[in-house]
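Next come the chains, spelled out residue by residue.
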Amino acid sequence: MKVPECNKSIGIFDSGVGGLTVMKEVMRELPAEDIIYLGDTARVPYGARSPETVTKYSLECARFILSKGIKLLIVACNTSSSVSLGRISEEVPVPVVGVVNPGARAAAFMTEHKNIAVIGTETTIRSGSYEKAIKAIDGSINVTGIACPLFVPLVEEGWVEGEITTLVVRKYLAPLREGSFDALVLGCTHYPMIKDIISSVAAIPLIDSAVETAKEARRILLEKGLLREGNTGPSRKFFVTDSPDKFARTGMGFLGSGISNITKIELGGN
Ligand code: DGL
């Protein structure tokens, strides 16, 4: 029997566990939707890789998740969204939502001094994706990008509070002291996990791309008549390219609830 379009799942992929911060927000915003999540845990991190490699991996993720029959694809990884969204959208026949544009849009509306800061992985910041997206809305806004490569390993190590992470955050965010910034965009899946520390150091409003992306997903589903309602037992399926046990253990903190129904798969050449 053919599944009605609106009863299909939302697909979400990320380089690993980090995208669960996006899934958490999607579950909050769209509680009746079935969700399929893919974490490319065997090849994480994407954040220090070249745009070509990230795009190759991201397309493999997108193709796999598409094969499960989805109605909307969310690219939860900021690095993939920064360098691969165009290629993914060209290939995938369902609406595709990345995390950069929703975050950038929210930032562009908080511009008293026309000064926005963005933090992300090396590849995200080098791509200038947030800057381009913000400037496309208002070319007079200045965007300062800061790569914070140590945040991902610290969060994955579970060091989401304490002195060491606070010192590292202070060091990376030192440039914020030199300008009147209106807001700081958390341009990486892992950063909401250390939101409290970032907020205490930066002392300016934070924009969480995960929250904005979930709202954007709702808008698109509504507009296309694909929103699912009244499903009281939504399903959550997880696919990973490395150990399901490790994903369940690390992922719990990111998702804020226990994770089961995890299947290990092979992608490309991993
Ligand atoms: N998911 C990545 C991002 O949001 C962070 C982890 C990685 O580098 O793969 O950019």
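The structure we're discussing is the one just above.
Residues numbered from 1 in each chain as written. Predicted model: local features only at pLDDT ≥ 70, side-chain atom pairs only at ≥ 80, totals over all residues. Heavy atoms only, no water.

Structural notes on the side chain of Ser82
Basically, it comes down to this: Strands are runs of DSSP state E lasting at least 2 residues, helices are runs of H or I lasting at least 4, and numbering of each runs from the N terminus. Burial classification: accessible surface area is computed with a 1.4 Å probe over protein chains only, and a residue below 20% of its type maximum counts as buried, one above 50% as exposed, and the rest as partly exposed. For this analysis, a polar contact is any N or O atom pair within 3.5 Å, provided that within protein one partner can donate a hydrogen and the other can accept it, and provided that sequence-adjacent residues contribute only side-chain to side-chain pairs.
Inspection of the secondary structure assignment puts Ser82 in helix α3 (residues 78-83). Its relative accessible area of 15% is what places Ser82 among the buried residues. A polar contact is formed between the side chain of Ser82 and the backbone oxygen of Asn78, at a distance of 2.7 Å.

Describing the packing of aromatic side chains
We apply this condition: Stacked, tilted and edge-to-face are the three classes assigned to paired rings of Phe, Tyr and Trp, where Trp is represented by its six-membered ring and a pair needs centres within 6.5 Å; plane angles under 30 degrees give stacked, over 60 edge-to-face, the rest tilted. The criterion is that NZ of a Lys, or CZ of an Arg, lies within 6 Å of the ring centre and within 35 degrees of the ring normal, and then a charge sits over that ring.
Inspection of every chain in the model, using the stated rule, returns 7 aromatic pairs. A centroid spacing of 5.6 Å and a plane angle of 50 degrees characterise the contact between Tyr46 and Tyr57, whose relative ring orientation is tilted. Here the residue Tyr46 occupies a position in the loop between β2 (35-39) and α2 (51-66), and Tyr57 occupies one in helix α2, the gap between them amounting to 11 residues. On the basis of relative accessibility, which here comes to 0%, the residue Tyr46 falls in the buried class. A ring pair is formed by Phe151 and Tyr172, whose centres lie 5.2 Å apart and whose planes are at 85 degrees; its orientation type is edge-to-face. Pair noted here: Phe151 is in helix α8 (residues 151-156) and Tyr172 is in helix α9 (residues 163-172), with a separation of 21 residues, a long-range link. For Tyr172, a relative accessible area of 17% gives the class buried. Aromatic rings pair up to connect Tyr37, Phe238 and Phe247 into one cluster. The lysine or arginine in question, Arg43, covers the ring of Tyr57, its NZ or CZ lying 3.8 Å from the ring centre.

Quick word on the layout of surface pockets
Rule in force here: The distinction between a cavity and a pocket rests on a 1 Å grid over the protein atoms alone: a 1.4 Å probe fits inside a cavity but cannot get out, while a pocket stays open yet meets protein on both sides within 12 Å along at least five of seven lines, and a residue with an atom within 4 Å of a point counts as lining. Grid points are joined across faces, edges and corners, and a volume is the space filled by probe spheres set on the points. Throughout this entry, Asp, Glu, Lys and Arg are counted as charged residues, while Ala, Val, Leu, Ile, Met, Phe, Trp, Tyr, Cys and Pro are counted as nonpolar. The remaining residues, Gly among them, count as polar.
Of the volumes computed, that of the largest pocket is approximately 240 Å³. Lining of the largest pocket is provided by 19 residues; of these, Pro45, Gly47, Ala48, Thr121 and Val152 occupy positions nearest its centre. Of all the secondary structure elements, the ones that give two or more residues to the lining of the largest pocket are α3 and α8. When grouped by side-chain class, the residues that make up the lining of the largest pocket number 10 nonpolar, 7 polar and 2 charged.

Structural notes on the packing of helix α1 (residues 20-29) against helix α11 (residues 209-223)
Quick note on the threshold: Angles here are taken between N-to-C directions and fall from 0 to 180 degrees, while the axes themselves are lines fitted to C-alpha atoms, restricted in helices to the stretch in contact. Any angle between 65 and 115 degrees counts as roughly perpendicular, while under 35 counts as roughly parallel, over 145 as roughly antiparallel, and the rest as oblique. Crossing chirality is assigned from the near helix's rotation relative to the far helix, an anticlockwise turn below a right angle marking it left-handed and a clockwise turn marking it right-handed. Here, residues are in contact when the closest pair of their heavy atoms is within 4.5 Å.
In the contact formed by α1 and α11, the axes pass within 8 Å of each other and the chain directions differ by 45 degrees. Of the possible angle classes, the one that applies to α1 and α11 is oblique. The element α1 and its partner α11 pack so that their crossing is right-handed. In this structure, α1 contributes Thr21, Val22, Glu25, Val26 and Glu29 to the contact, and α11 contributes Ala210, Val211, Thr213, Ala214, Lys215 and Arg218. Per-class residue counts for the contact of α1 with α11 are 5 nonpolar, 2 polar and 4 charged.

What to know about the pairing of strand β5 (residues 115-120)
Counted only if it meets this: In this description, strands pair whenever DSSP reports at least two bridges between them.
Most of β5 is tucked away: 6 of the 6 residues are buried. Side chains of β5 alternate between two faces, with Asn115, Ala117 and Ile119 and Ile116, Val118 and Gly120 buried alike. Inspection of the sheet shows β5 paired to strand β6 (residues 142-147) by 6 bridges, in the parallel sense. For Asn115, the partnering residue across the bridge sits in β6 and is Asn142. Relative to strand β7 (residues 183-187), β5 runs parallel, the two being bridged by 5 bridges. Residue pairing in the sheet places Gly120 in a bridge with Gly187 of β7.

Re the pattern of salt bridges
What counts is decided by this rule: Just to be clear on terms, a salt bridge is a Lys or Arg side-chain nitrogen sitting within 4 Å of an Asp or Glu carboxyl oxygen.
Scanning the model with the defined rule gives 18 salt bridges in all. Salt-bridge contacts for Lys71 lead to Glu33; the nearest nitrogen and oxygen are separated by 2.6 Å. With a gap of 38 residues between them, Lys71 in strand β3 (residues 70-75) and Glu33 in the loop between α1 and β2 connect regions that are remote in the sequence. Of the two residues, Lys71 and Glu33, both sit in the buried class. Arg105 is the salt-bridge partner of Glu216, the closest N and O atoms lying 2.9 Å from each other. Taken together, the residues Glu216 in helix α11 and Arg105 in helix α5 (residues 100-108) connect sequence positions 111 residues apart. Look at Arg105 and you get partly exposed, because its relative accessible area is 30%.

Structural notes on α2
Selection criterion: Multiplying 1.5 Å by the helix residue count minus one yields the expected span of that helix.
Between its terminal C-alpha atoms α2 stretches 22 Å, which fits the 22 Å expected from 16 residues at 1.5 Å a residue. For α2, the secondary structure elements touched by its buried residues are β1 (9-14), β2, β3, α3, α4 (85-91) and β9 (236-240).

Quick notes on the site of the ligand
To be explicit about the condition: One heavy atom within 4 Å of a molecule or strand makes the whole residue count as near it. Computed by Shrake-Rupley with a 1.4 Å probe, the accessible areas treat only the displayed protein chains as cover when residues are assessed. A cavity or pocket is said to hold a molecule if more than half of that molecule's atoms lie within 2 Å of its grid points.
Taken together, 13 residues form the shell around the ligand, and within it Asp14, Ser15, Tyr46, Gly47 and Thr79 come nearest. Asp14 places a polar side-chain atom, nitrogen or oxygen, 2.9 Å from a nitrogen atom of the ligand. The contact in question runs from an oxygen atom of the ligand to an N or O atom on the backbone of Asn78, over 3.0 Å. In isolation the ligand exposes 300 Å². Once the protein is present, 99% of that is buried. Cavity membership is defined here by more than half of the atoms lying within 2 Å of grid points; on that basis the ligand lies in the largest pocket.

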